[in-house]
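Topology and contacts: notes
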Amino acid sequence: MKNVETNGEKSSGRFSCGGGILVISAVMFLYKTGEAMLDATTRPFLIRAVCYEVHKTIHSENKTACSDLDRFPVLEDEVQTQSGYYLIYYRLLLNIPAIFLSMFCGSYSDTHGRKIPILLPCFGSLLAAMMYMTSNMLIEYRVPMILGGSALQGMFGKSSLITMAANSTVFDLSETKNRTRNFGRLMATMFFGATLGALMSGVFQDLLDINAAFIGIVSLFVVAISLILIFVSGDTKKTDKSDTADSDKGSSCEVFTAGHIKETIAVITKTRSDNNRSKLISLIIVALMIHLCKVGEMDIKLMFLTRSPLSWPKSWFGYFLSVESAVMGLCLFLLIPLFSKKIKLSDVTIVVIGLLSMLAKVIFLGFSSTSWMVFVSIGLGAFIGMVPSTLRSLLSKTLKEDEAGKVFSILSCGETILKSLGSLIFVNIYSATAHIFHGIAFFAEAFIIVTMLVVILIMYRQLRRFQTSMDRLSITVSVDDKGKTVSHKETQPAVDHRPAPDNPVFCITVENAK
């Protein structure tokens, strides 16, 4: 027996200790900043490109008409109609390829490492930004080049793939008792990145021009790729399976094999001890339903805030979203360590707090009739960001060491699908009921939240006991004759009913690898 001091992170090659969490957080901050800038810049750019396409066929005025559509009602109506179709194509090309790639790469990363799934979306977004910038100089081909750029982003995985890889990396590098804090910090950096990206897009376009915005976006992705190439080792996550059967094969050629899909599906269908399968499936469903509410609320807020009695200018909506993301990110960054480490609240308790915060926000927002009430709702919903990060922490505690990529890929794919479904459901509810009362769509969201809260409360005691059992871990470290670590296995014990110990116990066994 050997005493080992730990700060809550596990070593894995060059990606080790707290430095690994810091690197992946920095990469995700840069990626989310660039992605938010790219999205906020490209959507209005696409509408302008569509205007130039329509202009050639129905209008004879000079091209400045596309910069002042209010003066040309016929052209404006046609542009709005055509832009709606192209925005749908844009979203489909962004999301559908990313879903399929994530399903393959989740299982792949569990055996061959997280580096490629982290790198691909950054590289794809870099190529897309360069294509968008080039299209600005080729007016005749602008629309197809924008759609081609969105297809490139999707084929390289977009946020669906990199989010899966980042969550899996946090799982790899965190001891069980510190995962809540580390998932919270990762989510906070993503909120901050989304906030900064949306603001920077407006600043670049207002003070400079759209090409300057694209150059800024390219620079962010270049820095992110450099960090990955320098600091992320190719073996950040390898199980015994990859070290034996697959050691002589080209790992990059094995991404698109049917076995990865089968393994991903099997991870949620196979029998698990201590009722862990029902916990896993229930937590995935809760996480996806909360995401459904989140994306649906985003669209109905735009219509709600720009409609009477509030009648906000559309520019205010961007500032509102920035403030909202910043507040949630700040609460995550400051309060998750306080709740989980100092006050020692259980993960499931933090989830309940977050759901109550979300419920209070949407109900208050549904009754809001003045701008100050809308901004008060931001404060009421400050704890919402704790829900997805803590649910991921709870999910990770039901998994074996070689299952994180598979489960997080299922979660990422589900969230990507729900981006479209959530908008469809809530926008239709709002459109059908806004003339009766503007808050009905928010109350429909509140109903889903209450349902998920009931599910969590039913499982409350069971999840608390489960987390308590995770405070006692058995860790086996195998070393070679030179003292180099060759494997690191963390055994999760069966659920017990004993109270949590004041000081978590780690049973460390060092073996000599032959």
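The structure displayed is predicted, hence computed values, not measured ones.

**Examining the confidence of the model for the chain**
- Looking at the chain, the pLDDT average stands at 78 and 77% of residues meet or exceed 70.
- The model gives residues 58–62 a pLDDT under 50, and that stretch makes nine contacts with residues more than four places away or in other chains.
- Here residues 474–489 is a poorly scored stretch, pLDDT under 50, and it has 45 contacts once near neighbours within four places are set aside; other chains count.

**Some words on helix α12 (residues 347–366)**
- Helix length check: α12 (20 residues) gives 29 Å between terminal C-alpha atoms against 28 Å at 1.5 Å per residue, within 8%.
- Most of α12 sits inside the fold, with 15 of its 20 residues counted as buried.

**Notes on unusual backbone geometry**
- Unlike most non-glycine residues, K158 shows phi in positive territory, near 50°.
- Tracing the chain through its elements places K158 in helix α5 (residues 158–173).
- Among the residues examined, K158 registers a relative accessible area of 8% and is labelled buried.
- Phi is positive for K344, which is not a glycine, with a value near 60°.
- Inspection of the secondary structure assignment puts K344 in the loop between α11 (314–342) and α12.
- Classification of K344 as exposed rests on a relative accessible area of 59%.

**So, the packing of aromatic side chains**
- Using the criterion set out here, one finds 10 aromatic pairs in the structure.
- An angle of 55° between the planes, with centres 6.1 Å apart, marks the rings of F367 and F437 as tilted. Of this pair, F367 sits in the loop between α12 and α13 (371–380) while F437 sits in the loop between α15 (404–433) and α16 (440–458); the two residues are 70 residues apart in sequence, bridging distant segments of the chain.
- Where F367 meets F443, the ring centres are 5.1 Å apart and the plane angle is 50°; that geometry is what we call tilted. Of the two residues, F367 sits in the loop between α12 and α13 while F443 sits in helix α16, which places them 76 residues apart along the sequence.

**So, the nonpolar core**
- In terms of nonpolar packing, the biggest core is built from 108 residues, with L305, L355, L391 and I456 touching the most fellow members.
- Here this core gets 13 residues from one element, more than from any other, and that element is helix α1 (residues 17–58).
- Residues in contact with L391, not counting those within four places in the same chain, are L283, V286, A287, V351 and I456.

**Some points on the side chain of N95**
- Mapped onto the fold, N95 is located in helix α2 (residues 73–112).
- If we ignore the near neighbours within four places in the chain, the residues touching N95 are K158 and T416.

**Overview of the packing of α12 against α13**
- Relative orientation of the contacting elements α12 and α13 amounts to 170°, with a least axis distance of 8 Å. Classed by the angle they form, the pair α12 and α13 counts as roughly antiparallel. In contact with S357, A360, K361, F364 and L365 of α12, α13 contributes M373, V374, V376, S377 and L380.
- Looking at the contact of α12 with α13 residue by residue, the classes come out as seven nonpolar, two polar and one charged.

**Looking at the packing of helix α3 (residues 115–135) against α5**
- Close contact between α3 and α5 brings their axes to 8 Å; oriented N to C, the two are set at 150°. Here α5 runs roughly antiparallel to α3, going by the angle between their axes. With respect to the hand of their crossing, α3 and α5 are arranged in left-handed fashion. On α5, the residues that touch P117, I118, L120, P121 and C122 of α3 are K158, L161, I162, M164, A165 and T169.
- For the contact of α3 with α5, the per-class residue count stands at nine nonpolar, one polar and one charged.

**Quick notes on the pattern of salt bridges**
- Inspection of the entire model under this criterion finds 12 salt bridges.
- The closest approach of N and O atoms between D110 and R114, which form a salt bridge, is 3.0 Å. Accessibility classification places D110 together with R114 in one group, the buried group.
- One salt-bridge network, held together by shared partners, links D110, R114, D172 and K406.

**Looking at a nonpolar patch on the surface**
- A contiguous nonpolar surface patch, about 610 Å² in accessible area, is contributed by Y85, I88, Y89, L92, I96 and F100.
- By the secondary structure assignment, Y89 is in helix α2.
- Take Y89: its relative accessible area is 42%, and that puts it in the partly exposed class.

About the criteria used
Residues numbered from 1 in each chain as written. Predicted model: local features only at pLDDT ≥ 70, side-chain atom pairs only at ≥ 80, totals over all residues. Heavy atoms only, no water. pLDDT = per-residue confidence, 0-100. Contact = heavy atoms within 4.5 Å. Helix = DSSP H or I, 4+ residues; strand = E, 2+ residues; numbered from the N terminus. Expected span 1.5 Å × (residues − 1). Buried < 20%, exposed > 50% of the residue type's maximum accessible area, 1.4 Å probe, protein only. Phe/Tyr/Trp six-rings, centres within 6.5 Å; stacked < 30°, edge-to-face > 60°. Core = buried A, V, L, I, M, F, W, Y, C linked by side-chain atoms within 4.5 Å. Axes fitted to C-alpha atoms, helices over the stretch in contact; angles between N-to-C directions. Parallel < 35°, antiparallel > 145°, perpendicular 65-115°, else oblique. Nonpolar A, V, L, I, M, F, W, Y, C, P; charged D, E, K, R; others polar. Left-handed = near helix turned anticlockwise from the far one by under 90°. Salt bridge = Lys/Arg side-chain N within 4 Å of Asp/Glu carboxyl O. Patch = residues over 30% accessible without salt bridge, like charges linked within 9 Å, V, L, I, M, F, W, Y side chains within 5 Å. Areas by Shrake-Rupley, 256 points an atom, 1.4 Å probe, with all protein chains shown as cover.

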